[in-house]
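Residue-level listing of the chains:
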Amino acid sequence: MVSRAELLGFQFEGRTFPLVDNQLGIRKPKELTAALSILTTYTSDGTRAPYEDEVGPDGLLRYKFQGDNPNLYTNVGLRHAHERGLPLIWFFGVKQGLYLPFFPVWIRAVETDQLQVAVALEEAQRHITLDGAASEIERRYSVGMTRRRLHQPVFRQRVIQAYQTSCAMCRLKHLSLLDAAHIIPDREERGVPAISNGMALCKIHHAAYDQHILGVRPDLVIEVRSDILEEVDGPMLKHGLQEMNGLRLVVPRRRVDMPKRELLEERYERFRDAG
């Protein structure tokens, strides 16, 4: 991840050459004929971003123009990048002033009527059929690629940041051993990549949560499956799993980032059914 200060103060050939615009979402340096980067600002769950990027019927992400004038120099810069097949950098906000970069990305199409462009996140997406004619296989592939290349990394970073790089169950703080666990799995329609549908868990507790070895009640109390509590094994079972029973989940400070109660209720019922 990179900070906004680092992006604005980027040094190239001995001089400052910002990689993002100080005010706008599209960076079109005067020295270049095409846009260099696009930026999506961080917004809390439940709030609408100034430029809302959505997945189109072909599975490609859309990025909105700057304002409603297609001939604004930044929007022209996007069009030139498309015409020349030039790559851009996409900076995606994961926290206020903190961004996750994606490079290279390409403008696959300019949709002037909708004041937006279609963005390819990898080489294969540059050949997806557009204009609503994409096959179901193409669309499923493209949606899956968008989820893996952008939504999952952004979801991970946002959740880890919200939980202050700490497992919500055991407080482990080793970043390389932490995952962003979904409450409702992302393969389901309600499994959105939002902080309120996630928890930062170490790998052992993430796996145990997914396998219904332990669950989280709607009141944020951890519950270990009864048969696991009765097992006799080594120290990992005792200290890593059994001793979690009855502990309270450590959640983010901001209410908007806390796990949604209705999602916890749904997942907890699955845990009870599995047990």
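Residues numbered from 1 in each chain as written. Predicted model: local features only at pLDDT ≥ 70, side-chain atom pairs only at ≥ 80, totals over all residues. Heavy atoms only, no water.

For the rest of this paragraph, the subject is the environment of Glu266. Take Glu266: it is sitting in helix α7 (residues 261–274). In the structure, Glu266 is positioned 58 residues away from Ala208 in sequence and 17 Å away in space, judged by C-alpha atoms. Filtering out sequence-adjacent residues up to four positions away, Glu266 remains in contact with Ile184 and Arg190. (Helix = DSSP H or I, 4+ residues; strand = E, 2+ residues; numbered from the N terminus. Contact = heavy atoms within 4.5 Å.)

For strand β11 (residues 198–202), a buried count of five out of five residues is recorded, marking the element as mostly surrounded by other parts of the structure. Of the two faces of β11, the one lined by Gly198, Ala200 and Cys202 and the one lined by Met199 and Leu201 are each fully buried. Relative to β11, strand β10 (residues 178–182) is paired through five bridges, and the arrangement is antiparallel. Bridge pairing links Ala180 to Ala200 in β11. (Buried < 20%, exposed > 50% of the residue type's maximum accessible area, 1.4 Å probe, protein only. Pairing = 2+ DSSP bridges.)

Let us look at the UniProt feature "domain: HNH nuclease" (unreviewed entry) in the protein chain. When the UniProt feature table is mapped onto this chain, "domain: HNH nuclease" (unreviewed entry) is found at residues 167–216. A helix fraction of 16% and a strand fraction of 26% characterise residues 167–216, whose end C-alpha atoms lie 14 Å from each other. (UniProt positions renumbered as here; feature names shortened; annotations may be inferred.)

Covered by surrounding structure in strand β5 (residues 37–40) are Ser37 and Leu39 together with Ile38 and Thr40, the residues of both alternating faces. Pairing between strand β4 (residues 26–27) and β5: two bridges, direction antiparallel. In the sheet register, Arg27 faces β5, and the bridge partner there is Ser37. Pairing analysis gives four bridges linking β5 to strand β7 (residues 88–95), with the strands arranged parallel. Opposite Ser37, over in β7, you have Ile89 as the bridge partner.

The next point concerns helix α3 (residues 136–162). With 27 residues, α3 should cover 39 Å at 1.5 Å per step; its first-to-last C-alpha distance of 36 Å lies within 8% of that length. Where α3 bends most, at Arg147, the angle is about 40°. Positioned one or two residues after α3, Gln164 has a phi angle of 55°, which is positive. (Expected span 1.5 Å × (residues − 1). Bend = angle between axes of the 7 residues up to and from the residue.)

A word on helix α2 (residues 73–84). Helix length check: α2 (12 residues) gives 16 Å between terminal C-alpha atoms against 16 Å at 1.5 Å per residue, within 8%. Among the residues making up α2, those that are buried are Thr74, Asn75, Val76, Gly77, Leu78 and Ala81. Looking at the packing, one finds that the buried side of α2 touches β4, β5, β7, β8 (98–111) and β9 (116–120). Phi turns positive one or two residues past the end of α2, at Gly85, with a value near 65°.

Attention now moves to the nonpolar core. Looking at soluble globular proteins, one finds that nonpolar side chains tend to be buried together. Ranked by size, the top nonpolar core spans 33 residues in total, and within it Met169, Met199, Leu201, Tyr209 and Leu249 carry the most contacts. Of all elements in the fold, only α3, β10, β11, α4 (203–210), β12 (214–216), β13 (222–224), α6 (235–241) and α7 reach the threshold of two or more residues within this core. In this structure, Leu249 is in contact with Ala168, Met169, Met199, Val216, Leu220 and Ile222, ignoring residues within four places of it in sequence. Membership of the second largest hydrophobic core comes to 23 residues, among which are Tyr63, Leu88, Phe102 and Val154. (Core = buried A, V, L, I, M, F, W, Y, C linked by side-chain atoms within 4.5 Å.)

Attention now goes to the packing of aromatic side chains. Taken as a whole and judged by the stated rule, the model has four aromatic pairs. Here the aromatic rings of Tyr63 and Trp90 are separated by 5.8 Å at their centres, their planes lie at 90°, and the arrangement is edge-to-face. Of this pair, Tyr63 sits in strand β6 (residues 61–64) while Trp90 is found in strand β7, placing the two residues 27 residues apart along the sequence. Accessibility expressed as a relative area gives 1% for Tyr63, which makes it buried. Among the residues examined, Trp90 registers a relative accessible area of 0% and is labelled buried. Measuring from ring centre to ring centre gives 5.8 Å for Trp90 and Phe92, while their planes differ by 50°; the resulting arrangement is tilted. An aromatic cluster is built from Tyr63, Trp90 and Phe92, whose rings are joined through pairwise contacts. (Phe/Tyr/Trp six-rings, centres within 6.5 Å; stacked < 30°, edge-to-face > 60°.)

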